[in-house]
Amino acid sequence: MKLSAMPNERSPLITSGVCGLTLTAATCGTASDSPQESSSGKPAQDPRRLNTFFGVMVPTILSMFSIILFLRTGFVVGHAGLLQGLLMVVVAYTIISLTILSICAISTNGAIQGGGAYYMISRSLGPEFGGSIGLMFFLAKVFACGEYVLGLVEAILNVFGADPESSVSKGLRVLPQGYWYTVLYSSAVLLLCLLVCLVGAHIYSRTAFAILLVVTVSLLSVFISSVAVKPKDFVITHQGPGNQTLRYNASYTGFSATTLRNNLGSGYSLDYSTNSVMSFATVFAVMFTSCTGIMAGANMSGELKTPSISIPKGTIIAVFYTFTVYVLLFILVSATCDRTLLIQDYGFLQRINIWPPFVTIGIYCASLSAAMCAMIGASRILHALALDHLFGLPLAPATVTSNSGNPWVAVLYTWGLAQCVVFAGQLNAVASLVTVFYLLAYAAVDLACLALEWASAPNFRPTFQFFSWHTCLLGILSCLVMMFVINPVYSSGSIVLLLLLLLFLHYRSPTSSWGYISQALIFHQVRKYLLMLDVRKDHVKFWRPQVLLMVSNPRSSCQLILFVNQLKKGGLYVLGHVQLGDLDSLPSDPVQTQYNFWLSLVDKLGVKAFVDLTLSPSVRQGTQHLLRITGLGGMKPNTLILGFYDSSTPDDFFLQDSAFCCSSVGEGSEGEYNFGVDLPSLQAHFPPVRHVESPRWLSPDEYVGIISDAIKMKKNVCLGRYFFQLQGEGKDSKIDGSERTIDVWPLNLFQPGNQDYQDVCSLFLLQMACVLNMSSKWRHARMRIFLNVETGSSDQGWVVNEETFRELLRKLRIRAAIKIVSWDSVVQHYALPEGECCGELTPGLSEDFLSAVNCMLMEHSSQAAVRFLYLPRPPAGHNQSQLYLAQLEAVTKGLGPTLLIHGVTPVTYTEL
């Protein structure tokens, strides 16, 4: 396996453009990726001094040995037997090996800064997930530091502690015992760890190397003693219930086939320290605590010269080394010690050593090293969290470093919390919590690697290739299962705590330029499902409106934008805008710089809409472009909605809505990041509303031409008028529609002779009204359908038509009140010219007829919240465009919010 160094590992990654177009590179860049200056203002020296051996292998080996190697080996083999013990080792190392593959993949995919596991997770999964896991990993290391210190003090007192029942010190047992003495000794040990860590990571690595040498000598003495020491018999005593003394006869047999055979199988029995019967799960939980140090080297990423080489190479070698030591030690003790000795004395290795202080010193050194490793690792994680400003002012001082780059304030934070931990006196129960937190962090690393692999991003190409999504997924499942095997209560609580931190950071944290894996995953899945969305399989019973709303100026169109958001019924909703111009005469595309402002407008309004902008010499041509190219595959607009073309002066919605009047700069109303578009720049981008004297960018002929083009392209067309009068459509509105009324006029009011209520256009109009009635803010609104009849004629066919229409509504499952409106007085003003084309607006309609229709609408629908009217097909001749608009304006004059609709596609279905 060949690992190559990442180029420019000491320089920050390329700054992403996610921060927005209005920010400078300095603003957009991450502070955590920049070289830090010391608190004195002098340029910081390069803190990256450690190589693979000192920076990764040594701390990883010592963390995986800790006190388990010398004090729990016999416990595991004695209860589980050699075969199950080796099975535990294999299973445990398989779990951590899967995580190591993920660590190697992520660490070789780019430059790694300080923070270890936190840096990997946050830069892969985003600040919310990385910050929550990072904080839990920090707390786990703080508790682990306190645990190792208390374990060291306990081992010291076992040798040098005075007998509590005797007032006279005997031999070396001179140290007084008790709760406060334990706290005192632990504080002294913590102070020693603090002094070493304050000097710097390079001093710690040298100290750790010396400790590794001592531990190695102790291990060699254990293996040598198995050959040099002759068989012995021991009498082991324990305090039993009722102050009785329990005695056990144990033997050290040396290498013996009989002893090995007797220790092959399991023999789970009572544990003398907890007075509980052991099982595979409980013994495995204890054994697995020795495997929680695989990230000790990764946590030193800020001090490594080439982390992309050192982390994978050093971690793999360290894990292989510790695995070999544990396997050999398990075989050794099972072949030389009987089961009673293994189960009844955790410190039996001291009894059978050629010089017992070898093992004693090894225990002390391993515990001290593990405590220092946990303290310095926790301080690096805290320093990285502080640099990313995820938790605000409480962690702000932790960003301070020394001239050499050592985060000494973060070290003090860690020392203070660890000092609080040692006041607990005993941490047997906390050990399971620490292991659960570690496993959760490992699962998060696997999840980060899995997400990167599944996202199939071209920039995820780690130089370490020995992994796949199968290993990542198996690693996640293994860690989660292991968590609940160790302690279901702590596992459930840690997951709940993780979710709470995720929610806190989701609403608290600022944006980042790290990139969000969620966006890559969403893109990957959306592309896959869009390919599966086959337009040839469309069916009318699954039809839904997919809307393209053309917006000239959002200042005057916000109410219509909000209304159409209620009308989309889970379909595609696109805000379209045409920028007039010719790209040949421009140095760059002006549309690209506008997207952030439009997207910020969408966020402000709280609508679920896409934005599509285009550059075109005319609005009509640009609308044609958008109708053709907007959307992908089966998600393309089927309905075009336009504002009404009239001479009225529009209102400025930005001056009416508080969300556009007051907000903090750089943040939205809910504290979310706005990607560089603050409120002043948003207001300045969109021009003031049109005045009476202002020139029109769109002529009547062009407007009517857009309607004709859409109908020719088989798109439904809606024209919205007076929607600036509609209130209560905002995202903060509590209106449920109970006071609202929806009025529907399905008949073509411009052609009284046409009484077909079941043509495509009328049915589309009914469907759109029904869709609105199903939305959240209109769900409780009353819907009324008006049927226009000529009651004065001798033909009473309208009665049959009414019954037929009621039956149609029943089949369509539309709940509405039917209102019969006699319009004899209106029809008498209508004159049917010769050669009238069915479905088109008649050119010769008199002003009296149009006024009468308007009066009829005013009489019956003046109190409605919104009205749905039949929009006739526009005239074929361009010279009639102004007349067409004038007639539409006359009919809808003074009505209030009105939607004129012309449907061209069948949208209703009466069968299953």
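Not measured: the values here are computed from a predicted model. (Residues numbered from 1 in each chain as written. Predicted model: local features only at pLDDT ≥ 70, side-chain atom pairs only at ≥ 80, totals over all residues. Heavy atoms only, no water.)

Novice: When you look at the overall build of the chain in this model, what are you seeing that I'm missing?
Specialist: Of the regular secondary structure elements, the chain holds 29 helices and 14 strands. Contacts spanning at least 24 positions in sequence make up 82% of the contacts within the chain whose residues lie at least 6 apart. Counting only carbon and sulfur atoms, one obtains 61% of the accessible surface of the chain, whose full area is about 39,800 Å². (Helix = DSSP H or I, 4+ residues; strand = E, 2+ residues; numbered from the N terminus. Contact = heavy atoms within 4.5 Å. Areas by Shrake-Rupley, 256 points an atom, 1.4 Å probe, with all protein chains shown as cover.)

Novice: When you look at the pattern of salt bridges in this model, what are you seeing that I'm missing?
Specialist: Side chains carrying opposite charge are able to pair once their charged atoms draw close together. For the structure shown, the criterion picks out eight salt bridges. With its nearest N and O atoms 2.9 Å apart, the salt bridge here joins Asp652 to Arg555. Here the residue Asp652 occupies a position in the loop between β8 (639–643) and α23 (679–685), and Arg555 occupies one in helix α20 (residues 554–567), the gap between them amounting to 97 residues. Across the pair, Arg555 and Asp652 agree in class, each one buried. (Salt bridge = Lys/Arg side-chain N within 4 Å of Asp/Glu carboxyl O. Buried < 20%, exposed > 50% of the residue type's maximum accessible area, 1.4 Å probe, protein only.)

Novice: What is the right way to read the packing of α20 against helix α21 (residues 595–605) from this model?
Specialist: Relative orientation and spacing of two packed helices are given, respectively, by the angle between their axes and the distance between those axes. Where α20 meets α21, the closest approach of the two axes is 11 Å, and the angle between their N-to-C directions is 50 degrees. When the axes of α20 and α21 are compared, the pair comes out oblique. Two packed elements cross with a definite hand, and for α20 against α21 that hand is right-handed. Contacts between α20 and α21 pair Pro554, Cys558, Ile561 and Leu562 from the former with Trp598, Leu601 and Leu605 from the latter. Grouping the amino acids of the contact of α20 with α21 by side-chain chemistry returns seven nonpolar, no polar and no charged. (Axes fitted to C-alpha atoms, helices over the stretch in contact; angles between N-to-C directions. Parallel < 35°, antiparallel > 145°, perpendicular 65-115°, else oblique. Left-handed = near helix turned anticlockwise from the far one by under 90°. Nonpolar A, V, L, I, M, F, W, Y, C, P; charged D, E, K, R; others polar.)

Novice: I tried to follow the packing of aromatic side chains on my own but got confused; where do I start?
Specialist: A ring pair, where both rings are aromatic, is described by two values, the distance of the centres and the angle of the planes. Under the counting rule described, the total for this entry stands at 25 aromatic pairs. On the numbers, 4.6 Å between centres and 40 degrees between planes, the contact of Phe563 with Phe723 is tilted. In this pair, Phe563 sits in helix α20 while Phe723 sits in the loop between β9 (716–721) and β10 (741–745), placing the two residues 160 residues apart along the sequence. Here Phe563 falls in the buried class, since its relative accessible area comes to 0%. (Phe/Tyr/Trp six-rings, centres within 6.5 Å; stacked < 30°, edge-to-face > 60°.)

Novice: When you look at the pairing of strand β11 (residues 782–789) in this model, what are you seeing that I'm missing?
Specialist: A regular strand places its side chains on the two faces of the sheet in alternate fashion. Within β11, seven of the eight residues are buried, leaving the element largely enclosed by the surrounding structure. Pairing between β10 and β11: four bridges, direction parallel. Residue pairing in the sheet places Thr741 in a bridge with Arg782 of β11. Both β11 and strand β12 (residues 817–822) contribute to a ladder of six bridges, which runs parallel. Looking at β12, one finds that Val789 is bridged to Ser822. (Pairing = 2+ DSSP bridges.)

Novice: Just checking my understanding: could you explain unusual backbone geometry for this structure?
Specialist: At Lys569, a residue that is not glycine, the phi angle is positive and equals roughly 55 degrees. Here Lys569 is to be found in the loop between α20 and β6 (573–580). Of note in this structure, Arg813 is not a glycine but carries a positive phi near 55 degrees. With relative accessibility at 56%, the residue Arg813 sits in the exposed group.

Novice: Looking at this structure, how should I read the side chain of Asn716?
Specialist: As for its placement among the helices and strands, Asn716 is situated in strand β9. Judged by its relative accessible area of 0%, Asn716 falls in the buried class. Separated by 2.7 Å, the side chain of Asn716 and the backbone nitrogen of Val904 make a polar contact. When neighbours within four sequence positions are excluded, Asn716 is seen to be in contact with Trp543, Asn638, Thr639, Leu640, Phe764, His902, Gly903, Val904 and Thr905. (Polar contact = N/O pair within 3.5 Å; in protein donor to acceptor, adjacent residues only side chain to side chain.)

Novice: How should I be thinking about the packing of helix α4 (residues 73–107) against helix α17 (residues 469–486) in this particular structure?
Specialist: Relative orientation of the contacting elements α4 and α17 amounts to 135 degrees, with a least axis distance of 9 Å. For the element pair α4 / α17, the angle class is oblique. At the point where α4 passes α17, the crossing takes the left-handed sense. Of the residues in α17, those in contact with Ile95, Leu98, Thr99, Leu101 and Ser102 of α4 are Thr471, Cys472, Leu474, Gly475, Ser478, Cys479 and Met482. In terms of residue class, the contact of α4 with α17 is made up of seven nonpolar, five polar and no charged.

Novice: What should I look at first to understand the sheet that holds β11 in this one?
Specialist: Strand-to-strand pairing in sheets goes through backbone hydrogen bonds, with the strands running parallel or antiparallel. With mixed pairing, ten strands are arranged side by side in an open sheet as β7-β6-β5-β8-β9-β14-β13-β10-β11-β12. Because the sheet does not close on itself, it has two edges, and the strands there are β7 (610–616) and β12. Sheet twist, expressed as the mean angle between neighbouring strand axes with direction ignored, is 25 degrees. Examined bridge by bridge, β10 and strand β13 (residues 866–870) share four bridges and lie parallel to one another. Across the sheet, Val744 pairs through a bridge with Phe868, a residue of β13. Most of the contacts of α20 go to β6, to which it runs at about 145 degrees, and overall it touches β5 (547–550), β6, β8, β13 and β14 (898–902). Where α21 meets the sheet, its contacts fall on β6 and β7, and the angle it forms with β7 comes to roughly 145 degrees.

Novice: Got a minute to help me understand a nonpolar patch on the surface in this structure?
Specialist: On the surface, Leu191, Leu195, Leu198, Trp408 and Leu412 cluster together into a nonpolar patch covering about 410 Å² of accessible area. Taken together, the elements giving at least two residues each to the nonpolar patch come down to α7 (179–199) and α15 (408–422). With three residues, the single largest contributor to the nonpolar patch is α7. Summarising the element assignment, Leu412 is placed in helix α15. (Patch = residues over 30% accessible without salt bridge, like charges linked within 9 Å, V, L, I, M, F, W, Y side chains within 5 Å.)

Novice: I'm lost on the environment of Ala710 in this one. Help?
Specialist: Along the chain, the position of Ala710 falls in helix α24 (residues 700–712). Overall, the relative accessible area of 0% leaves Ala710 in the buried class. Separated by 82 residues in the primary sequence, Ala710 and Arg628 place their C-alpha atoms 9.9 Å from one another. When residues no more than four places from it in sequence are discounted, the contact partners of Ala710 are Leu627, Leu640, Lys715 and Val717.

Novice: What is the right way to look at the state of the cysteines in this model?
Specialist: A covalent bond between the sulfur atoms of two cysteines is referred to as a disulfide. Counting across every chain of the model gives zero disulfides. For the unlinked cysteine Cys104, the closest cysteine sulfur is that of Cys449, found at 9.7 Å. Unpaired in this structure, Cys718 has its nearest cysteine sulfur neighbour in Cys761, at a distance of 9.2 Å. (Disulfide = S-S within 2.5 Å.)

Novice: So what exactly am I meant to see when it comes to the confidence of the model for the chain here?
Specialist: When pLDDT is low, close inspection of the predicted coordinates is not appropriate. Model confidence for the chain is summarised by a mean pLDDT of 81, while 85% of its residues fall at 70 or above. Here residues 1–44 is modelled with pLDDT under 50, and outside its nearest four sequence neighbours on either side it reaches 89 contacts, counting other chains as well. Between residues 663–672, whose pLDDT stays under 50, and residues either more than four places distant or in other chains, the model counts 14 contacts. (pLDDT = per-residue confidence, 0-100.)

Novice: Hey, could you run me through the nonpolar core in this one?
Specialist: In a soluble, globular protein the nonpolar side chains are often hidden away together inside. Counting 156 residues, the largest nonpolar core has Leu69, Val215, Phe288, Ile294 and Leu341 as the members making the most contacts within it. Filtering out sequence-adjacent residues up to four positions away, Leu341 remains in contact with Phe234, Ile236, Ala250, Ser251, Tyr252, Phe348, Arg351 and Ile352. Counting residues in hydrophobic clusters, the runner-up holds 111 residues, among them Leu626, Leu698, Tyr703 and Cys718. (Core = buried A, V, L, I, M, F, W, Y, C linked by side-chain atoms within 4.5 Å.)

Novice: Sorry if this is basic, but what is going on with the environment of Phe234 here?
Specialist: One can find Phe234 in strand β1 (residues 232–239). For the pair formed by Phe234 and Arg351, sequence separation is 117 residues and the distance between their alpha carbons is 8.9 Å. Apart from residues lying up to four places away in sequence, Phe234 is in contact with Tyr248, Asn249, Ala250, Tyr252, Leu341, Arg351 and Ile352.

Novice: Teacher, can you tell me more about helix α25 (residues 760–773) here?
Specialist: Every α-helix winds through 3.6 residues per turn, so residues three or four apart in the chain are directed the same way. The end-to-end C-alpha distance of α25 is 20 Å, a good match for the 20 Å that 14 residues give at a rise of 1.5 Å each. Judged by how many residues are buried, α25 sits mostly within the fold: 13 of 14 residues are covered. (Expected span 1.5 Å × (residues − 1).)

Novice: Looking at this model, I keep getting lost on helix α14 (residues 357–387). Mind explaining?
Specialist: Taking 1.5 Å per residue as the helical rise, α14 with its 31 residues ought to reach 45 Å, and the 45 Å between its terminal C-alpha atoms agrees with that figure. For α14, a buried count of 28 out of 31 residues is recorded, marking the element as mostly surrounded by other parts of the structure. One or two residues past the end of α14 sits His389, with phi positive at roughly 55 degrees.

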